[in-house]
Number of protein chains: 4
Amino acid sequence: MTTLATTRAADALLSQFAAVRSLSVSLADPLSDADASAQSMPDASPAKWHLAHTSWFFETFVLAGRPGYRLFDDRFNYLFNSYYEAVGARHARDRRGLITRPSLDDVLAYRRHVDAGIERAWDSLDAATRTLIELGLNHEQQHQELLLTDILDLFAANPIEPALFPSAAAVPAASRGDIWTAHAGGIHRIGHDGNGFHFDCEGPAHDVLVRPFALADRLVSNADWAAFIADGGYADSALWLSDGWAWVQKQAIAAPLRWQHGDDGWTSFTLSGRRPVDSAAPVTHISFYEADAFASWAGARLPTEAEWEVAAAGQDAAAGNQLDRSGPAHPIGSAGLFGDCWQWTASAFLPYPGFRPAEGAVGEYNGKFMNGQMVLKGASCATPRGSSRASVRNFFYPHMRWQFSGLRLAKDA
Amino acid sequence: MTTLATTRAADALLSQFAAVRSLSVSLADPLSDADASAQSMPDASPAKWHLAHTSWFFETFVLAGRPGYRLFDDRFNYLFNSYYEAVGARHARDRRGLITRPSLDDVLAYRRHVDAGIERAWDSLDAATRTLIELGLNHEQQHQELLLTDILDLFAANPIEPALFPSAAAVPAASRGDIWTAHAGGIHRIGHDGNGFHFDCEGPAHDVLVRPFALADRLVSNADWAAFIADGGYADSALWLSDGWAWVQKQAIAAPLRWQHGDDGWTSFTLSGRRPVDSAAPVTHISFYEADAFASWAGARLPTEAEWEVAAAGQDAAAGNQLDRSGPAHPIGSAGLFGDCWQWTASAFLPYPGFRPAEGAVGEYNGKFMNGQMVLKGASCATPRGSSRASVRNFFYPHMRWQFSGLRLAKDA
Amino acid sequence: MTTLATTRAADALLSQFAAVRSLSVSLADPLSDADASAQSMPDASPAKWHLAHTSWFFETFVLAGRPGYRLFDDRFNYLFNSYYEAVGARHARDRRGLITRPSLDDVLAYRRHVDAGIERAWDSLDAATRTLIELGLNHEQQHQELLLTDILDLFAANPIEPALFPSAAAVPAASRGDIWTAHAGGIHRIGHDGNGFHFDCEGPAHDVLVRPFALADRLVSNADWAAFIADGGYADSALWLSDGWAWVQKQAIAAPLRWQHGDDGWTSFTLSGRRPVDSAAPVTHISFYEADAFASWAGARLPTEAEWEVAAAGQDAAAGNQLDRSGPAHPIGSAGLFGDCWQWTASAFLPYPGFRPAEGAVGEYNGKFMNGQMVLKGASCATPRGSSRASVRNFFYPHMRWQFSGLRLAKDA
Amino acid sequence: MTTLATTRAADALLSQFAAVRSLSVSLADPLSDADASAQSMPDASPAKWHLAHTSWFFETFVLAGRPGYRLFDDRFNYLFNSYYEAVGARHARDRRGLITRPSLDDVLAYRRHVDAGIERAWDSLDAATRTLIELGLNHEQQHQELLLTDILDLFAANPIEPALFPSAAAVPAASRGDIWTAHAGGIHRIGHDGNGFHFDCEGPAHDVLVRPFALADRLVSNADWAAFIADGGYADSALWLSDGWAWVQKQAIAAPLRWQHGDDGWTSFTLSGRRPVDSAAPVTHISFYEADAFASWAGARLPTEAEWEVAAAGQDAAAGNQLDRSGPAHPIGSAGLFGDCWQWTASAFLPYPGFRPAEGAVGEYNGKFMNGQMVLKGASCATPRGSSRASVRNFFYPHMRWQFSGLRLAKDA
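Residues numbered from 1 in each chain as written. Chains lettered and ligands numbered in written order. Predicted model: local features only at pLDDT ≥ 70, side-chain atom pairs only at ≥ 80, totals over all residues. Heavy atoms only, no water.

Description of the overall build of chain A
Okay, step 1: What chain A contains, in helices and strands, is 10 helices and 12 strands.
Okay, step 2: Computed over its C-alpha atoms, the radius of gyration of chain A comes to 22 Å, within 12% of the 22 Å expected for a compact globule of 413 residues.
Okay, step 3: Along the first, second and third principal axes, the C-alpha set of chain A runs to 65 × 55 × 35 Å.
Okay, step 4: Looking at the 413 residues of chain A, the share that counts as buried comes to 58%.
Okay, step 5: In chain A, once contacts between residues fewer than 6 apart in sequence are set aside, the share between residues at least 24 apart is 79%.
Okay, step 6: Carbon and sulfur atoms form 54% of the exposed surface of chain A, whose accessible area is close to 15800 Å².
Okay, step 7: A gap of 3 Å separates the mean positions of the 34 positive and 46 negative side-chain charges of chain A. (Helix = DSSP H or I, 4+ residues; strand = E, 2+ residues; numbered from the N terminus. Rg over C-alpha atoms; globule rule 2.2 N^0.38 Å. Buried < 20%, exposed > 50% of the residue type's maximum accessible area, 1.4 Å probe, protein only. Contact = heavy atoms within 4.5 Å. Areas by Shrake-Rupley, 256 points an atom, 1.4 Å probe, with all protein chains shown as cover. Lys, Arg positive; Asp, Glu negative; His and termini not counted. Charge placed at Lys NZ, Arg CZ, Asp CG, Glu CD.)

What follows is the structure, encoded as structure tokens:
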């Protein structure tokens, strides 16, 4: 029986489908065929691959095998599968930049073919399939963010340093002093409660015992970071984890990724090209190792993910400065938990108590990666608006820093 | 004012000093100069290095600068410092096997020189220094275990497979069925309470919220593991973490370290040479990746370190089958929490709430390594008797398996 | 004083300039922007890079600094310099595939800008500059061949295996028996005599003492190679040089590059896509190691470069089946010294007696590479018509095989 | 029929056998068990391995299978085979340092066992076997030199820098000016004529056509090299081969191996420990790349092996300052072609015309390595007296420099 509520939910999902799918294409608007095909490093993927892989998800898990649906190209399963071992063999991740054909135009045609397939099938989709579509849209939003950070990494590797959004005006961030907000200890409930969309690793909701703590009400700024550099932070082994110190020395790390020091001070490479570093804006493109060393230098520590989530309770995740159709906003402040940058925590990415991966290929999602990575909370300027939640658990290896990653300090109360 | 109690404690410490220092030397008894000088891999160290480094600890932190003490050889600070950045430059870890001089005899003379220095200074040592000696002895016990596992790895790399203790008789382990012991949830206190010796990372004691769980009352056995192999466990990607699966494929892992399959079934290489695998004995020499995959295959999971420690409350750590002067005992059962093998947990090695490293060079101890490694609990057959505690937190990277590492299963209640 | 002969020579050079420059562009006709921007491996370069670098040569060595000439883009010196240390810093070779901008269209505009510059300046060019232009055109012809072999390597790395020239018909090669042509020993003169264009390493002409030898009058064919494979040639260490055997084992080499064995026998990947291997056609895409092992298996040896050149005396280098505007011809026979494939010799690429590199940046040409590489003689199906000479010394490292490289056998008389 | 001449030759060979075998043992006299077991890098081998491998040669090719001979230990074929593929599997070259057992004493016992076997069998050996013994002795002399250079490399890797021959007095070399000896061109015969012992690669003797040239009558000295350094030779890319320049930059090479610059000028690490560099002595421990760059800087070139051998005709190879029982002499002059250091030539190590490897496993000798290496002529201070010949062709890869390798300049006449 189809109720009015169900119909409305389906209509809303269809609108969301159109909006998300359309945003991906618009993000690729400034890209040439070559821009969209190149891969700057194994951790990143070509923009074309992101556009195709997110379509492959819908084709594979929703459309394939449905009456009347014809696969766009049966070789695409091999080309655009990412990890899903259960769905078969796939192209080596570090060789994605060699797939110059299909072209960007071919991939855009693939997207239209899949979109048309979904729309044609819409009225006959059952609830489970709609849940898969919702998953696919959230998955695509994750790839929208990656598409931007990966293009940024690619353009940064080009000596002529092209700008993706050359005309964007830089809005200076307002400088802010430190305010520490105290939080009482005790038993708190964190994790997603299961109502509404969430990724598998966000749940189950569960109680945690938290000790009293204080959280800075602003992000660490570029000015803070410049002081850390000036004080010799990158040269003082006592501040660093052993692995972090080895990384700093081997890679000759001495500043956030893509910072350069010139006669006029620090610049960094952004989606709008190389720009002077804005002192009051949050520092980004730092690794966990750097975040941890900075916190030691500052006489503080990183918050745990539980602390962060406790502090975020009741805050509006949509209030941040996040990506919309007009491109990523520039960080204009540093107060928000969401929307400026992802914030490294002191917590390893491990399963919540009672976590069980979903059945089937879709289940090969986040559980596979619960090893060796650290949790980041919040959302960045490149995170699509509407996809942020306090329970979101982003995760990267401790040396990675091509994302918009920063930090917020915590202290024992 | 010296009280009787203080005197007795000092006497006890002196006895312990003699016993621990003597055990190290006796462990090296079967070794030739060449055996004691070689290094099988960067993770391992030469036996000679262990013998010298543990003496360097006493010389550097207790004796150096004391009136009347003459450094044995001022080049040894460079040769035998391990990690302590604050104490100066040091020889590259992966080139320790090239230090053929000083010889084993020289190092034994160094040990006697340091021992004599300590004994001469004994009556004038203040309490803080005695605490350093206690730390040094526990540190040396850790290296006793490493000395054995590193020699095992070296001998395993020799095609003629020498036996360290050739005459040791294998005592078959008794087979045991599964019994799951239920533990109630709630708030429990874990970590060391600060009374008596403990390493810095074992504290502070703190409350944790634990959900009801059940813990197997035996370790996973070699027979269990053989069933996992026979069932294709190493070939089923669905059981493995992503990093683990990459490791299995790249390294072509198909059994615990040093297992070989022949006409008469599985053998493994032990401190007594190559021996048939004892079905009822606990499996050892497995990585975290393998432990985690096995638990998935068995429909269970690894315990968290909190769960393990809750279960261990009240158990006698000295009851296990641990190393004494007669060499490592053979695992003769699989019931004990202590003394058979270290047990991988589901917990990353991270600081306990309120953890602060000690001041000074001695503080460069465990806090430096709180990244990327997993906690193991218990103690192994190579752990010196008397050095086990429920609060001990051993830690290794998830791919490592040259230690006596095994697992015990857990389940949600 | 300008004589008629000089004028005619200048006119001929201008015609040649137009023809060579135009051929490069036509070779890129089938390429998309992405095709032209990607780099399959560090040894290969993007097509766009070849098109730009060959123009950079003319801009840098002929046009830069001339009155009235404006550099197209002053960042191009950094992007498109290849090796010339004297001309300044340059982009890392293994990261050429990340330069997605300038686009292929930009590079074609660059070519037109340089061409126009050369044409405008033509009447005022002195003889030394015309010599540089002649060098630049021969240099560009080398890059035309590389452009094709590099695109072939890129397309081969794409799982969908695109074809550059999909419609080209395969003309079966005629099978031929072995005929050994005997050559008398004695003193022969080899190397370029200095009249007409030649690369620096082709001279000076000099006498060599050659022993009587016999040279096969055909190239080794695919059928020959299939017999070598079938006879276990890749598994018999006795046939291989030590370095070659290590290479075969580490890389798991068991057939020429891009050969695959299926139900219908061997196929290989060509500029026209995947095709059945033509038994009578010359084998190509083999390394020096393979050529040397094959010769041992066949009871023969590779010729020295002197032997090859002695045998080539009097042969017409233009008679081969070489590249023209219609794309590379398919090997239609195996008799010719030129035009089917480059032929590995037994000679290391070392300077001829009396060799001196040219002065200045242009001199950083071939002399830099006289170490560790082996000489190949002849010309391949991808060599531009008109650029072959008996004195040409091509050279590659012994493991390389992405060129059209084959072999011809020799024997002592 | 045994003639008197045959008997005398046999007696002489037996004396040579005793002398060579004894010298190897005496070279190891200063070594501890650990010294003799360690391996500083994959290119080098433990002294123990050299002692065992040279004995394995006699056991395998002469004694094995003879009536009455018992293999010393049938596991030694696996441990001490070096390259001979035909003789079966062998221990990985880069893991020789892990074989701490058998001990040095065991290996010395192995040597005595083999020596006794040879002596017992002596009277019954046929001519072919005596030829094998002669080969084995020359093979052992090569390993005597390697034993010394490998120990030198091991001791140099030890921060305490032990001296193998601590008491050896340094005899200053006499400084000499440049004298260039002219040699007429024409056809010369080089290579070994087959009378007397020689390694397979030294023949066949053959005619070469040489152009008039001049050869310096002294080796390049340490003073010359210091001038090259002072003039920026290591920083001027124009002097270097492309591969050499990449090597210099990647490895940060700025002086010969083990040179250090201190307040008192240059020192180097020698078999007698660290010593001031003797200006007038020949430079050693340089790579081919360095030798070639130096020659360019000096406006000269390296000689070809043919030129070197032509110049050596008639010189007494035994006149040099070579190794005898008292240890390696110190270079006392720089006039000799033999005995100071091996001299890099401009020639690649390739087969002479008509070269055929010997049949059987013994044939896996030098022919296998005729690829990628450069020829060195002469002999070094570590070459056993009596094993030098003008026709000897030593060879190493162009980056290697742990041997006593230097250079002598040549010029076109």
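Section: the arrangement of the chains
Okay, step 1: At their nearest point, the C-alpha atoms of chain B and chain C are still 14 Å apart, with no contact between the two.
Okay, step 2: The two partners chain A and chain D share no contact, and the minimum distance between any of their C-alpha atoms is 14 Å.

Overview of the interface of chain C and chain A
Okay, step 1: Residue-level contacts link 29 residues of chain C with 29 residues of chain A.
Okay, step 2: For the chain C face of the interface with chain A, the top three residues by lost area are Leu 98, Arg 101 and Ile 160 of chain C, together amounting to 31%.
Okay, step 3: Here chain C and chain A share two salt bridges between them.
Okay, step 4: We note a salt bridge from Arg 101 of chain A to Asp 35 of chain C, for which the minimum N-O separation is 2.6 Å.
Okay, step 5: Scanning the region where chain C abuts chain A turns up 11 residue pairs in polar contact (both at pLDDT 80 or more).
Okay, step 6: At the level of elements, helix H2 (33-37), helix H4 (76-80) and helix H6 (127-156) of chain C are the ones that each hand at least two residues to the side of chain C that touches chain A. (Buried area = accessible area lost by both parts, 1.4 Å probe. Salt bridge = Lys/Arg side-chain N within 4 Å of Asp/Glu carboxyl O. Polar contact = N/O pair within 3.5 Å; in protein donor to acceptor, adjacent residues only side chain to side chain.)

Here we look at the relation of the copies chain C and chain A
Okay, step 1: Between chain C and chain A, which share one sequence, the superposing operator has a rotation angle of 180° and an axial displacement of 0.0 Å; the RMSD is 0.0 Å. Interpreted geometrically, this transformation is the action of a two-fold axis. Within chain C, the C-alpha atom positioned nearest to the axis of rotation is that of Ala 34 of chain C, 1.9 Å from it.
Okay, step 2: A shared interface surface links the copies, since 100% of the contact residues of chain C are contact residues in chain A too. (Least-squares fit on C-alpha atoms with pLDDT ≥ 70 in both.)

Looking at the environment of Pro 102 of chain D
Okay, step 1: Topologically, Pro 102 of chain D is positioned in the loop between helix H4 (76-80) and helix H5 (104-121).
Okay, step 2: According to the relative accessible area criterion, Pro 102 of chain D is buried, its value standing at 5%.
Okay, step 3: When the C-alpha atoms of Pro 102 of chain D and Lys 48 of chain D are compared, they prove to be 9.1 Å apart, with 54 residues separating the residues in sequence.
Okay, step 4: Aside from chain neighbours lying at most four places away, what touches Pro 102 of chain D is Ile 160 of chain B together with Lys 48, Phe 76, Leu 79 and Phe 80 of chain D.

Quick word on the sheet that holds strand E9 (residues 374-378) of chain C
Residue and element names in this part refer to chain C.
Okay, step 1: Here we have four strands laid out as an open sheet, ordered E10-E9-E8-E11, and mixed in their pairing. Of all the strands in the sheet, just strand E10 (394-396) and strand E11 (405-406) have a single pairing partner and so form its edges.
Okay, step 2: Bridge analysis of strand E8 (residues 342-348) against E11 gives two bridges, and the strand direction is parallel. Paired with Gln 343 across the two strands is Gly 406, which belongs to E11. (Pairing = 2+ DSSP bridges.)

Here's the deal with helix H7 (residues 222-230) of chain D
All names here are of chain D.
Okay, step 1: Every buried residue of H7 is listed here: Asn 222, Trp 225, Phe 228 and Ile 229. Taken end-on, H7 shows its buried residues confined to a sector of 110°, consistent with a single buried face.
Okay, step 2: Where the residues of H7 are buried, they touch strand E6 (265-270) and helix H9 (288-297).
Okay, step 3: Once H7 ends, the next one or two residues include Gly 232, with phi positive near 80°. (Arc of directions from axis to C-beta.)

With respect to the sheet that holds strand E5 (residues 260-262) of chain C
The strands making up a sheet are joined through hydrogen bonds of the backbone, oriented either antiparallel or parallel.
Residue and element names in this part refer to chain C.
Okay, step 1: The strand order E5-E6-E7 describes an open sheet built from three strands, whose pairing is antiparallel. The sheet terminates laterally at E5 and strand E7 (273-276), the two strands that pair on one side only. The mean angle between the axes of side-by-side strands here comes to 35°, regardless of whether they run parallel or antiparallel.
Okay, step 2: In this sheet, E7 lies alongside strand E6 (residues 265-270) in antiparallel orientation, the contact comprising four bridges. Bridge pairing in E7 places Thr 267 opposite Pro 276. (Axes fitted to C-alpha atoms, helices over the stretch in contact; angles between N-to-C directions.)

Observations regarding unusual backbone geometry
Okay, step 1: Following Arg 101 of chain B, the chain continues into Pro 102 of chain B via a peptide bond in cis, with omega recorded as 5°.
Okay, step 2: Looking along the chain, the bond that leaves Gly 203 of chain D and enters Pro 204 of chain D is cis, with omega of 0°.
Okay, step 3: On the secondary structure map, Pro 204 of chain D appears in the loop between strand E2 (186-190) and strand E3 (206-210).
Okay, step 4: With phi around 50°, Glu 161 of chain A is a residue other than glycine that occupies positive phi space.
Okay, step 5: Turning to its location among the elements, Glu 161 of chain A is positioned in the loop between helix H6 (127-156) and strand E1 (180-183).
Okay, step 6: One non-glycine residue, His 285 of chain D, lies in positive phi territory at about 60°.
Okay, step 7: Looking at the element boundaries, His 285 of chain D is found in the loop between strand E7 (273-276) and H9.

As for the relation of the copies chain B and chain D
Okay, step 1: Mapping chain B onto chain D calls for a rotation angle of 180° and an axial translation of 0.0 Å; the resulting RMSD is 0.0 Å.
Okay, step 2: Comparing contact sets, 100% of the residues at the interface of chain B also lie at the interface in chain D, consistent with an isologous, same-surface contact.

Brief notes about the domain arrangement of chain A
All names here are of chain A.
Okay, step 1: For chain A, the domain assignment lists domain 1 (4-156) and domain 2 (180-412).
Okay, step 2: Put simply, the middle of domain 1 and the middle of domain 2, counted by C-alpha atoms, are 27 Å apart.
Okay, step 3: Of the residues lining the interface, 30 residues belong to domain 1; the matching set on domain 2 comes to 29 residues.
Okay, step 4: Interface area for domain 1 against domain 2, summed over the two sides, is near 2600 Å², with a carbon-plus-sulfur share of 68%. (Domains from an automatic or database assignment.)

Here's the deal with the interface of chain B and chain D
Quite often, the size of an interface is put as the accessible area lost when its parts meet.
Okay, step 1: Taken together, the contacts link 29 residues of chain B with 29 residues of chain D.
Okay, step 2: Carbon and sulfur atoms make up 59% of the area that chain B and chain D hide from each other, which totals about 2200 Å².
Okay, step 3: On the chain B side of the interface with chain D, the three residues burying the most area are Leu 98, Arg 101 and Ile 160 of chain B, jointly 31% of the side's total.
Okay, step 4: In this structure, the connection of chain B to chain D is made through two salt bridges.
Okay, step 5: The interface formed by chain B and chain D holds 10 residue pairs in polar contact (both at pLDDT 80 or more) in total.
Okay, step 6: Counting only elements with at least two residues in the side of chain B that touches chain D, the list comes to helix H2 (33-37), helix H4 (76-80) and helix H6 (127-156) of chain B.
Okay, step 7: Tallying contributions element by element places H2 of chain B first for the side of chain B that touches chain D, with four residues.
Okay, step 8: In terms of residue class, the side of chain B that touches chain D is built from 16 nonpolar, eight polar and five charged. (Nonpolar A, V, L, I, M, F, W, Y, C, P; charged D, E, K, R; others polar.)

Focus: helix H8 (residues 242-251) of chain A
One turn of an α-helix holds 3.6 residues; hence residues three or four places apart share an orientation.
All names here are of chain A.
Okay, step 1: Listing the buried residues of H8 in full gives Ser 242, Gly 244, Trp 245, Trp 247 and Val 248.
Okay, step 2: Looking at the buried side of H8, the elements it contacts are helix H9 (288-297).
Okay, step 3: Ala 252, located one to two residues past H8, shows a positive phi value of around 55°.

As for the packing of helix H1 (residues 4-27) of chain C against helix H5 (residues 104-121) of chain C
Pairs of packed helices are described in terms of their axes, by the angle between the two and the distance that separates them.
Residues and elements named next belong to chain C.
Okay, step 1: In the contact formed by H1 and H5, the axes pass within 12 Å of each other and the chain directions differ by 180°. The pairing of H1 with H5 is recorded here as roughly antiparallel in orientation. Where H1 abuts H5, its residues Leu 14, Phe 17, Arg 21, Ser 24 and Val 25 lie against Leu 108, Arg 111, Val 114, Asp 115, Ile 118 and Glu 119.
Okay, step 2: Here the residues of the contact of H1 with H5 sort into six nonpolar, one polar and four charged. (Parallel < 35°, antiparallel > 145°, perpendicular 65-115°, else oblique.)

Overview of the side chain of His 50 of chain A
All names here are of chain A.
Okay, step 1: The residue His 50 is located in helix H3 (residues 47-63) in this model.
Okay, step 2: The exposure class assigned to His 50 is buried, which follows from its relative accessible area of 3%.
Okay, step 3: If we skip the residues at most four places from it in the chain, His 50 touches Ser 45, His 143, Leu 146, Leu 147 and Asp 150.

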